[in-house]
Amino acid sequence: QVQLAESGGGLVQAGGSLRLSCAASGIIFSDNLMSWYRQAPGKQRELVARITPGASTDYAEFVKGRFTISRDNGKSTIYLQMNSLKPEDTAVYYCNAVHLRLARDPNLGSWGQGTQVTVSS
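Treat the numbers as computed from the prediction; the structure is a model and nothing was measured.

What follows concerns the state of the cysteines. Using the criterion set out here, one finds one disulfide in the structure. Put simply, Cys22 and Cys95 are joined by a disulfide, and their sulfur atoms are 2.1 Å apart. Taking the sign of the S-S torsion, about -75° here, the bridge from Cys22 to Cys95 comes out left-handed. Here Cys22, found in strand β3 (residues 18-25), pairs with Cys95, found in strand β9 (residues 91-99); they are 73 residues apart in sequence, far enough to count as distant.

Structural data, given as structure tokens:
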């Protein structure tokens, strides 16, 4: 059974930082594309960043230069370091794991339960 356990969300002032973690179990971590998505109230879920098993990364334009995704294959964990946070970054952040062969559609993988990030102005 696949489990993705996110942690690290919370309330922070604008300009502050948070570090999210997602610990994976029940998958062969090194076979999976790992991603962070977010969903704000009334909006669709959107990709924030993703990282391949070889640590190649891809970021949404709205987080480039502020967020950094990383992975520790030995711990089956990914991280999202979020700096210079803005109120518009407020959302529930979700971890996603999808096998590389199915990587075109994250819904063919697994989702975590989400962690709330709230940035106050």
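Additional details are given in the paragraphs that follow.
The backbone of Ser76 sits at a positive phi, close to 50°, despite the residue not being glycine. Within the element layout of this structure, Ser76 appears in the loop between β7 (67-72) and β8 (77-82). Of note in the backbone geometry, Ser84 takes a positive phi value of approximately 50° without being a glycine. Judged by relative accessible area, which is 41%, Ser84 ranks as partly exposed.

Within this structure, the stated rule accounts for two aromatic pairs. Between Tyr37 and Trp111, the ring centres sit 5.0 Å apart and the planes meet at 70°, which makes this aromatic pair edge-to-face. Placement of Tyr37 in strand β4 (residues 32-39) and of Trp111 in strand β10 (residues 110-111) is noted, with a sequence separation of 74 residues between them. Ring geometry for Tyr94 against Trp111: centres 6.5 Å apart, planes inclined by 90°, an arrangement best described as edge-to-face. Placement of Tyr94 in strand β9 and of Trp111 in strand β10 is noted, with a sequence separation of 17 residues between them. Look at Tyr94 and you get buried, because its relative accessible area is 14%. Joined through ring pairs, the aromatic side chains of Tyr37, Tyr94 and Trp111 make up one cluster. Sitting over the ring of Tyr94, Arg45 keeps its end group 3.8 Å from the ring centre. Residue placement shows Arg71 over the ring face of Phe29; its charged tip is 4.4 Å from the ring centre.

What counts and what doesn't
Residues numbered from 1 in each chain as written. Predicted model: local features only at pLDDT ≥ 70, side-chain atom pairs only at ≥ 80, totals over all residues. Heavy atoms only, no water. Disulfide = S-S within 2.5 Å. Helix = DSSP H or I, 4+ residues; strand = E, 2+ residues; numbered from the N terminus. Buried < 20%, exposed > 50% of the residue type's maximum accessible area, 1.4 Å probe, protein only. Phe/Tyr/Trp six-rings, centres within 6.5 Å; stacked < 30°, edge-to-face > 60°. Lys NZ or Arg CZ within 6 Å of the ring centre and 35° of its normal.

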